[in-house]
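# What the coordinates show
As a plain string of letters, each chain reads:
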Amino acid sequence: MDLAPYFVNTTPRRWQSEFLERFTQKAPEMASKPLEGFLLYATPGAGKTVAMFSAAQWLRSAGLIEWAVFVVPAAPLCDQVAREAKRLFKMDLRSGVEGADSQFHGEVVTIQSLRNRNDSSVTRRRGNVLLCVDEFHHPSNNNSWGEDVERSLGGCRFKLFCTGTPFRSDRSELKFVNYKDLGDGEIELIPDYSYAYRDALADSNGKPSQERVVRTAQFHLYDASPDDPIEWACDGKKYAHTLSDNLAAEYEEEHSSNFSNFIKRLRSVRFDAATEPKFKLARNMLRDAVEHLDRIRQVHGHAGGLVVCKRSEERRCRE
């Protein structure tokens, strides 16, 4: 099956063509099973937006949908997505503008706006709608965003969920996707199509910079030592462990009831303690990163660093 024509004004990357082929294969299953969605995991910068549009284009051309709803995590992205849909795929998406539905092929909305949305746009089209949620790791079974997606757009016949971060730090599950039970309270999210960083790096090797999917990056594992562990309290009890300690094996005998929930909570609190700036592990990690950056700058004077924060009390940017 030649899927290249569905990438209207853009040349698909190899992985995007493979994704669309996999999506077309699963489409009949999604159409017959309302709780079944398609999960695309692609490393940041790989081109998930083009992949999303290609799926909508194929469904439209096949006469399987009458409308598409693209859900994005923030308002500034709405116009950006609508412009890209128009430029690359000649697809008119409503984004903050008035007009009859007949003028558009779909719409771009924020996940926050779903709280006040009903499902009428889906029911009047008999479910012939594509729901596409970008950054799908945000809504979960344990927060209102997940409930809003299910209530307002759960009736869409086709569901495409995209993420470059296929996990949540609170380990709560996501709706409409599949998991594998690993035992000891651990589960693994199973994408329907995966394009990881290592795949993008392999596709980039030996190519000019403008043709690379991603740049080369180094990832350093950082953990506390047994002699200087992470310390935290949970349910009135104090704990001290490294990030790599197996908490399930450590406390299996102590909590026979609700063991899975206990371990999930314990891991979540341990992660919070490890990344809390006032605790020593985060401070030590930042100190060592600065020292490493200083060494790199002796060779590459313009090298820079990025600190990613879970939350910030100040909105001002500082060097």
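All figures in this text were calculated on a predicted structure; none of them were measured in a lab. (Residues numbered from 1 in each chain as written. Predicted model: local features only at pLDDT ≥ 70, side-chain atom pairs only at ≥ 80, totals over all residues. Heavy atoms only, no water.)

The biggest cluster of nonpolar side chains holds 44 residues, and the ones touching the most others in it are Phe 19, Phe 23, Leu 40, Phe 70 and Leu 160. By residue number, the principal contributor to this core is helix 2 (residues 48–61), which donates eight residues. Setting aside chain neighbours within four positions, we find Phe 70 in contact with Met 52, Phe 53, Ala 56, Met 91, Leu 93, Glu 107, Val 108, Val 109 and Cys 132. The next biggest cluster of nonpolar side chains, apart from the first, holds 21 residues, and it includes Val 109, Val 122, Leu 131 and Leu 174. (Core = buried A, V, L, I, M, F, W, Y, C linked by side-chain atoms within 4.5 Å. Buried < 20%, exposed > 50% of the residue type's maximum accessible area, 1.4 Å probe, protein only. Helix = DSSP H or I, 4+ residues; strand = E, 2+ residues; numbered from the N terminus. Contact = heavy atoms within 4.5 Å.)

In a beta sheet, neighbouring strands are held together by backbone hydrogen bonds and run either parallel or antiparallel to one another. The seven strands are arranged 3-4-2-5-6-1-9 in an open sheet whose pairing can be described as parallel. Strands with a single pairing partner mark the edges of an open sheet, and in this sheet they are strand 3 (93–94) and strand 9 (193–195). As paired strands, strand 3 and strand 4 (residues 106–110) are joined by two bridges and run parallel to one another. In the strand pairing of strand 4, Arg 94 is matched with Glu 107. Sitting on the sheet, helix 1 (residues 14–32) is in contact with strand 1 (38–42), strand 5 (129–133), strand 6 (158–163) and strand 9, with an inclination near 165° to strand 1. (Pairing = 2+ DSSP bridges. Axes fitted to C-alpha atoms, helices over the stretch in contact; angles between N-to-C directions.)

Another point: the side chain of His 241. With respect to the helices, strands and loops of the structure, His 241 is situated in strand 11 (residues 237–241). A distance of 2.6 Å separates polar atoms of two side chains, one belonging to His 241 and the other to Tyr 251. When residues no more than four places from it in sequence are discounted, the contact partners of His 241 are Pro 229, Ile 230, Trp 232, Leu 247, Glu 250 and Tyr 251. (Polar contact = N/O pair within 3.5 Å; in protein donor to acceptor, adjacent residues only side chain to side chain.)

So, about the pattern of salt bridges. Working definition: two side chains of opposite charge can pair if their charged atoms are close together. Across all of its chains, the model carries 16 salt bridges by this definition. Put simply, Arg 14 and Glu 18 hold a salt bridge, and the shortest N to O gap is 3.0 Å. Note that Arg 14 and Glu 18 are positioned in helix 1 at a spacing of four residues, about one turn of the helix. Taking relative accessible area as the criterion, Arg 14 reaches 44% and is therefore assigned partly exposed. Relative accessible area serves as the criterion here: at 32%, Glu 18 is assigned to the partly exposed category. Close ionic contact of Glu 84 with Arg 87 constitutes a salt bridge, the shortest N to O distance being 2.9 Å. In this pair, Glu 84 and Arg 87 both sit in helix 3 (residues 76–89), three residues apart, roughly one turn of the helix. A cluster of three or more residues bridged by salt bridges with shared partners is formed by Arg 94, Asp 101, Arg 124 and Arg 125. (Salt bridge = Lys/Arg side-chain N within 4 Å of Asp/Glu carboxyl O.)

Most of strand 5 is tucked away: five of the five residues are buried. Side chains of strand 5 alternate between two faces, with Val 129, Leu 131 and Val 133 and Leu 130 and Cys 132 buried alike. Here strand 2 (residues 67–72) pairs with strand 5 via five bridges, running parallel. Counterpart to Val 69 in the pairing with strand 5 is Leu 131. Here strand 5 runs beside strand 6; their pairing, made up of four bridges, is parallel. The partner of Leu 130 across the bridge, within strand 6, is Phe 158.

With that settled, consider the packing of aromatic side chains. Within this structure, the stated rule accounts for twelve aromatic pairs. Here the aromatic rings of Phe 53 and Phe 70 are separated by 5.5 Å at their centres, their planes lie at 75°, and the arrangement is edge-to-face. Here Phe 53, found in helix 2, pairs with Phe 70, found in strand 2; they are 17 residues apart in sequence, far enough to count as distant. When its relative accessible area of 1% is taken as the criterion, Phe 70 is described as buried. The interplanar angle of 80° and the centroid separation of 5.4 Å between the aromatic rings of Tyr 239 and Tyr 251 together place this pair among those described as edge-to-face. Here Tyr 239, found in strand 11, pairs with Tyr 251, found in the loop between helix 7 (247–250) and helix 8 (259–275); they are twelve residues apart in sequence, far enough to count as distant. Take Tyr 239 and Tyr 251: they sit in the same class, and that class is buried. Joined through ring pairs, the aromatic side chains of Trp 232, Tyr 239, Tyr 251 and Phe 262 make up one cluster. The lysine or arginine in question, Arg 125, covers the ring of Trp 67, its NZ or CZ lying 4.2 Å from the ring centre. (Phe/Tyr/Trp six-rings, centres within 6.5 Å; stacked < 30°, edge-to-face > 60°. Lys NZ or Arg CZ within 6 Å of the ring centre and 35° of its normal.)

These figures capture arrangement, not role.
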